Amino acid sequence: MRLIILGAPGSGKGTTAVVLKEKYGLAHISTGDIFRSNIKAGTPLGLEAKSYIDKGQLVPDSITIGMVEGRLAESDCAKGYILDGFPRTIAQAEALDEMLSKKNEKIDAVLSIIVDDDIIKDRVCSRRVCEKCGASFNVKYKPTKVEGVCDLCGGSVVQRADDTPETVEARLVTYYENTKPLIDFYDAKGLIIEGNNNVDSDTCIKSIEDGLAKLGI
Ligand code: ADP
Ligand code: ZN
C-alpha cells in the first residue's frame, strides 16, 4: 500500500503516519525528517535546505524531488510506504506520478488531516520532537515522562528550530499557497480520505482507518 499524508504544518501528519506505519507495516518517509537529519549531519543538502526551512519556505523542487526519488528506490519501500510532507507542490505531485508510472505503481489513498489554524498555532509552539526516532510530544498536552527524554527510545526531545510563532505563520502561508491545492488535485482522482485532528489523534486515526477499510485497503 502506498499512501500520502497531507495537512498543514503541525496538523499531526507525523503522529498519524507513525501509527499507520506500525499498523500496516509501511516505510515512513518524512521529507522534513530527512532534511533535519542532513542539517544535523552538516551535509551540503542540509546546508542548502536549512536556509529555506528557517524562513518557513519550501526547499526548491529541484532538490526535493530527486531526494525523494532516491529514497523511494531503497529496498524498504518495496513493502509499501507512507509519504509524509511530500508532495507539497503540484509540480512535486506531477513528478511523483511520473516516478510511479515508470514503475507501474500508483498511490492507493491520500489522507487529508484537518485542523483549525488557531489550534495549530497553539500546538506547534509547545511541540517537542525526539531527535532520534521522530516521535512527537507536547509540553502542554503530551509531556514526556522525563523532561527532554523520549518515552519510546530514550533519545533527546527538543524543540524544532522552525516551531516558533513567526515561522509557523510563514509555514501556514506557504501551505495555503502551495500545498492546499493538492487536496483538489487528489480529490479529482477520488483518492482523498479525511481525518479531523481538532479533538484528538485517536478520533482522527479511526476515521482514516475506516476510510481505508471502505476502499478495501
Ligand atoms: P511541517 O509539516 O510541520 O511544517 P515538516 O517536517 O514536514 O514539517 O517540514 C519542515 C520543513 O521542511 C518545511 O517547512 C519545508 O521548509 C521543508 N520541507 C519538507 N518537505 C518538503 C517538500 N516536500 N518540499 C519542500 N520543502 C519541504
Ligand atoms: Zn525517540
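Residues numbered from 1 in each chain as written. Chains lettered and ligands numbered in written order. Predicted model: local features only at pLDDT ≥ 70, side-chain atom pairs only at ≥ 80, totals over all residues. Heavy atoms only, no water.

1. Quick word on the coordination of the zinc ion (ligand 2)
And then number 1: Only C130 (SG), C133 (SG), C150 (SG) and C153 (SG) from the protein coordinate the zinc ion (ligand 2), and they sit 2.3 to 2.4 Å from it.
And then number 2: Each of the 4 donor atoms bound to the zinc ion (ligand 2) contributes to angles spanning 100 to 116°, and the resulting shape is tetrahedral.
And then number 3: Along the chain, the residues that donate to the zinc ion (ligand 2) are spaced as C-x2-C-x16-C-x2-C. (Donors = N, O, S within 2.8 Å, 3.2 Å for Na, K, Ca; no water. Tetrahedral: all angles 85-135°; square planar, octahedral: opposite > 155°, others 65-115°.)

2. Remarks on the pattern of salt bridges
Note that side chains of opposite charge can pair when their charged atoms are close.
And then number 1: Within the structure shown, the criterion is met by 17 salt bridges.
And then number 2: What you see here is one network of salt bridges that share partners, running through R127, R160, D162, D163 and R171. (Salt bridge = Lys/Arg side-chain N within 4 Å of Asp/Glu carboxyl O.)

3. Focus: the site of ligand 1
And then number 1: Within the structure, ligand 1 sits among 20 residues, and K13, T31, Q57, G85 and R88 are positioned closest to it.
And then number 2: If ligand 1 stood free it would expose 550 Å²; the protein chains cover 97% of that surface.
And then number 3: In terms of residue count, the dominant contributor to the shell around ligand 1 is helix α2 (residues 31-41) (4 residues).
And then number 4: Residue composition of the shell around ligand 1, by class: 6 nonpolar, 7 polar and 7 charged. (Near = heavy atom within 4 Å. Areas by Shrake-Rupley, 256 points an atom, 1.4 Å probe, with all protein chains shown as cover. Helix = DSSP H or I, 4+ residues; strand = E, 2+ residues; numbered from the N terminus. Nonpolar A, V, L, I, M, F, W, Y, C, P; charged D, E, K, R; others polar.)

4. Looking at the environment of L6
And then number 1: Relative to the helices and strands, L6 is located in strand β1 (residues 2-7).
And then number 2: For the pair L6 and K103, spaced 97 residues apart in sequence, the C-alpha separation works out to 23 Å.
And then number 3: Here L6 is in contact with K13, P87, V110, L111, S112, I113, T179, L182, I183 and Y186, once residues within four sequence places are set aside. (Contact = heavy atoms within 4.5 Å.)

5. A look at the sheet that holds strand β5 (residues 127-130)
And then number 1: Taken in spatial order, the 3 strands of this open sheet run β6-β5-β7, and their pairing is antiparallel. Looking at which strands have only one partner, the edges of the open sheet turn out to be β6 (136-138) and β7 (157-158).
And then number 2: Alignment of β5 against β7, held across 2 bridges, turns out to be antiparallel. Looking at the pairing, C130 lines up with V157 of β7. (Pairing = 2+ DSSP bridges.)

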